[in-house]
Amino acid sequence: MKYKWLRSAMLTLVAGTALTACSTGETEKNSAEEDKVSIVTSFYPMYEFASQVAGDRADITMMVGGGDDPHHYEPSAKDVATVNEADLFVYSSPEMEFWTESLFETVENDDLKIVSAAEGVDQSAHSEEDHDHTEGESAGEVKIASAAEHYHSGDMAELTAKVEGNTTLDHWHWYTRSDESADSEAVPNEFGSELSYLVLDENFEVKAELYGEDHEVLTESEPVTITVDNHEDEGEEAHDHESEEAHDHESEEAHDQEGEATETGEDVVVAGLAGHYHTGDAVTIMAETEAEVSEWQWSTRKSDETEWSVISDQTTEQFTGEAVSGGLEIQGVGLDAEGNEVVNTGTIEIIVDDHENEDPHSWLDPVLVQEQVDAIRDALIEIDPEGEEVYTANAADFNERLQGLDQEFQEAFEGAENRVFVVQHQAFGYIAERYDLEQIAVGGLSTEVEPSPSRIAEIGTLVEEYEVPVIYYQQGSDSSIAQTIASETGTETAVLHDLESLSEELQSENLGYIEAMEQNIEALKLSIK
């Protein structure tokens, strides 16, 4: 019995020691994970560059997976929650991931450091001196000018934000709220120092914020109250005076947007129309008229080749909707009590510009990527100074590999007589510009717009003229257009990596950006000789 008791006690002691050791190990592991910098990146190139610089000091996640389009991605609630807990968010540029503007307006993380790696990087003329000057720009107090003593419903409040001494910073955000107890809401599509805002029936407050290069708030204004006074307690004479005063204060810009006059001879002015919208933006406009209108009827259509569709649940002078890809046309009809048309806004064009005509693929230039790597390095040092030595060394190592890649490109195409290559979509302009090549694109920058038959025929002529042996298409995209041209011209097809995502083949072999770009060199050698 004695030995049985002793054996039991020893087993208990060993088990307790083991549990303590496991508990300590788990605690140390959890502590180590908590000590890591949390980085959220938008899509593959940013994930790769951040991973190369951060190494083991960070937990890094990527929002846009291989099956998603980083141009038209819509962040989920889970994405927003992840960014809310992150230390650093890295994306390429507003031209590439234009959805980041709405993401930043949703995120509530005052400690979040944001890096737009490619913003401000210019292939033709990038000045480090100018960059340093902008970084060092100091911002004083913001003052909002031009606010009137009061407004009437339907007026446009024309406001200007000013910072004394500011000469270079011009990225603004505007916010409104009903009163000091309400949450502020960002005004969409207004990123300049001037704001034109439609005044409705209630008082509200406006605030302006000035942002720096990394989308950090440098300074902000005090809220300005927009007071609405429609003189409703005054007599008919005052009402007439109000109408006359409101008419006199209409801006030239509002008159430029004036709709067509109906047979009644009454005019209608459309207020609140923005210069352009992004897909998914809220559209809010108001029809202003002195005609007696009992009810409004609003209709929309995609283009003049489609039928009008009546919006049954919108019967006031205000229209609210959503900007859709490709644009939208809106028409408002004012009706009298008998349902007869009194006034018509005419066709109102909602212009949607998702910046697809700007080439955002700067990560395909190994020289510019070095600057993007440096931007990520500097941001990491700022939020994690203890890791400066690691980040500096990692960035230097990766930049050395990028310099080697640049040298490979130069040597591959040095002295080539035929410097033309034909691509299905216009995504490789940065490579062409850097290495003195000529890119001929069947389609434009958007992968959603199909080229016309005449454009395809034109490409066929160019293929013969330049004796092009290969038609390239982007890895992971539909190759049907390239295949069609190849079959009609007797050429071959080949793949180029645009690196918006990494191919499964490269992932399975644990290869990345450098190897994909080296494959691009070999593919381009088929044309560049």
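Structure: see above.
Just so it is clear, the model here is predicted, and its values are computed rather than measured. As a convention, each chain's residues are numbered from 1 in the sequence order in which they are written. Local features are withheld for residues below a pLDDT of 70 in this predicted model, meaning they are given only at 70 or higher, and side-chain atom pairs are given and counted only at 80 or more; totals for whole chains, interfaces and linings count all residues. Side-chain metrics rest on all non-hydrogen atoms present in the structure, leaving aside hydrogens and water.

Visitor: What exactly am I supposed to notice about the sheet that holds strand E3 (residues 88-91) here?
Guide: Pairing between the strands of a sheet is mediated by backbone hydrogen bonds and can be parallel or antiparallel. Following DSSP output, two strands are said to pair if at least two bridges run between them. By definition, any uninterrupted DSSP run of H or I lasting at least four residues is a helix, any uninterrupted run of E lasting at least two residues is a strand, and each is numbered from the N terminus. What the four strands build is an open sheet, ordered E2-E1-E3-E4; its pairing is parallel. At either end of the open sheet lies a strand with only one pairing partner, and these are strand E2 (58-62) and strand E4 (113-116). Taking the axes of each pair of neighbouring strands and ignoring which way they run, one obtains an average angle of 20° across the sheet. Sheet topology places E3 next to E4; four bridges connect them, and they run parallel. Across the sheet, Val 90 pairs through a bridge with Val 115, a residue of E4. The criterion used for residue contact is that any of the two residues' heavy atoms lie within 4.5 Å. Interaxial angles span 0 to 180 degrees and are taken between N-to-C directions of axes, which are lines fitted to C-alpha atoms, for helices over the stretch in contact. Helix-sheet contacts for helix H2 (residues 44-54) involve strand E1 (37-41), E2 and E3, and the interaxial angle to E2 is about 175°.

Visitor: Is there a simple way to explain the environment of Val 293 in this structure?
Guide: Here Val 293 shows up in the loop between strand E14 (282-289) and strand E15 (295-301). For Val 293, a relative accessible area of 23% translates into the label partly exposed. Taking the C-alpha atoms as reference, Val 293 lies 6.9 Å from Val 342; in sequence the two are 49 residues apart. Residues within four places of Val 293 in sequence aside, it is in contact with Gly 334, Leu 335 and Val 343. To sort residues, take the accessible area from a 1.4 Å probe on protein chains only and compare it with the maximum for the residue type: under 20% means buried, over 50% means exposed, and anything in between is partly exposed.

Visitor: Even after reading the chapter, I still don't get helix H12 (residues 480-489), so can you show me in this structure?
Guide: Residues that lie three or four places apart on an α-helix share one face, since the helix turns once every 3.6 residues. Where H12 is concerned, the buried positions are Ile 481, Ala 482, Ile 485 and Ala 486. Viewed along the axis of H12, the buried residues span an arc of 130°, placing them on a single side of the element. Those residues of H12 that are exposed and angled more than 90 degrees off the buried face are Ser 487 and Glu 488. Contact partners of the buried residues in H12: helix H11 (453-465), strand E23 (470-474) and strand E24 (492-496). Directly after H12, the chain includes Gly 490, whose backbone phi takes a positive value near 70°. In this description, the arc belongs to the directions extending from the helix axis to the C-beta atoms.

Visitor: Whenever I open this one, the packing of aromatic side chains confuses me. Can you help?
Guide: The geometry of two aromatic rings is summed up by the distance between their centres and the angle between their planes. Between the rings of Phe, Tyr and Trp (Trp by its six-membered ring), a pair exists once the centres lie within 6.5 Å; its type follows the angle of the planes, with under 30 degrees stacked, over 60 edge-to-face, and the other angles tilted. Applying the stated criterion to the full structure yields 13 aromatic pairs. Ring centres 5.4 Å apart and planes at 55° place the aromatic pair Tyr 197 and Phe 204 in the tilted group. In this structure Phe 204 comes out as buried when scored by relative accessible area, which is 10%. Plain terms: the ring middles of Phe 409 and Phe 413 are 6.2 Å apart, the flat faces sit at 55° to each other, and that makes the pair tilted. A residue pair is termed a helical-turn pair when its members lie 3 or 4 positions apart in one helix, as Phe 409 and Phe 413 do in helix H9 (residues 388-413) at four residues. Here a set of aromatic residues connected by ring pairs shows up, and it is made of Phe 49, Phe 398 and Tyr 513.

Visitor: Help me understand the sheet that holds strand E9 (residues 194-198) in this model?
Guide: In spatial order, the strands read E5-E6-E9; together these three strands make up an open sheet with antiparallel pairing. Looking at strand neighbours, the two that pair on one side only are strand E5 (142-145) and E9, the edges of this open sheet. Between one strand and the next, the sheet's axes are offset by a mean angle of 25°, whatever the strand orientation. By the bridge criterion, five bridges tie strand E6 (residues 156-163) to E9 in an arrangement that is antiparallel. Bridge pairing in E9 links Thr 160 to Glu 194.

Visitor: Hey, could you run me through a negative patch on the surface in this one?
Guide: Negative charge collects at one region of the surface, where Asp 87, Glu 108, Asp 110, Asp 111, Asp 183 and Glu 185 lie side by side. Tracing the sequence through the fold places Glu 185 in strand E8 (residues 185-186). A patch is a set of surface residues, each over 30% in relative accessible area and not in a salt bridge, joined within 9 Å for like charges and within 5 Å for the nonpolar side chains Val, Leu, Ile, Met, Phe, Trp and Tyr. We get accessible surface area from the Shrake-Rupley algorithm with a probe of 1.4 Å; when it comes to residues, only the shown protein chains can shield them. By convention in these notes, a salt bridge is any Lys or Arg side-chain nitrogen within 4 Å of a carboxyl oxygen on Asp or Glu. For this count, His and the chain ends are skipped, Lys and Arg are scored as positive, and Asp and Glu as negative. Lys charges are placed at NZ, Arg charges at CZ, Asp charges at CG and Glu charges at CD.

Visitor: Quick question: what am I supposed to make of unusual backbone geometry here?
Guide: Most peptide bonds take the trans form, and the phi angle of most residues other than glycine is negative. Even without being glycine, Asp 436 reaches a positive phi, approximately 55°. With respect to the helices and strands, Asp 436 occurs in the loop between helix H10 (429-434) and strand E22 (438-441). A positive phi angle, near 60°, is found at Asn 510, a position not held by glycine. Mapped onto the elements, Asn 510 comes out in the loop between helix H13 (504-508) and helix H14 (513-524).

Visitor: Help me out: how do you make sense of the nonpolar core in this one?
Guide: Proteins that are soluble and globular tend to have nonpolar side chains buried together. What makes a nonpolar core is a set of buried Ala, Val, Leu, Ile, Met, Phe, Trp, Tyr and Cys residues whose side-chain atoms join them at distances within 4.5 Å. Ranked by internal contacts, the top residues of the largest apolar core, which has 71 residues, are Ile 39, Phe 89, Phe 421 and Tyr 513. Aside from chain neighbours lying at most four places away, what touches Tyr 513 is Tyr 44, Glu 48, Phe 49, Trp 363, Leu 364, Asp 365, Pro 366, Val 369, Phe 398, Leu 402, Leu 405 and Leu 499.

Visitor: For this particular structure, what's the right way to read the packing of H9 against H14?
Guide: Axis angle and axis distance: for two packed helices, these are the angle between their axes and the distance between the axes, and together they describe the pair. Two elements in contact, H9 and H14, have axes separated by 10 Å at closest approach and are oriented at 5°. Classed by the angle they form, the pair H9 and H14 counts as roughly parallel. Counting all contacts with H9, which are made through Phe 398, Arg 401, Leu 402, Leu 405, Glu 408, Phe 409, Ala 412 and Phe 413, the residues of H14 involved are Tyr 513, Ile 514, Glu 515, Met 517, Glu 518, Ile 521 and Leu 524. By the convention adopted, Pro, Cys, Tyr, Trp, Phe, Met, Ile, Leu, Val and Ala count as nonpolar, Lys, Arg, Asp and Glu as charged, and the other residues, Gly among them, as polar. A breakdown of the residues in the contact of H9 with H14 according to their chemical character gives 11 nonpolar, no polar and four charged. Just so you know how the angles are binned, under 35 degrees is roughly parallel, over 145 roughly antiparallel, 65 to 115 roughly perpendicular, and the rest oblique.

Visitor: Where do I start with the side chain of Ser 42 in this structure?
Guide: With respect to the helices and strands, the residue Ser 42 is situated in the loop between E1 and H2. Residue Ser 42 is classed as buried on the basis of its relative accessible area, which comes to 0%. Each residue touching Ser 42, except ones within four places of it in the same chain, is listed here: Met 62, Met 63, Val 64, Phe 89, Val 90, Tyr 91, Ser 92, Glu 97 and Trp 99.

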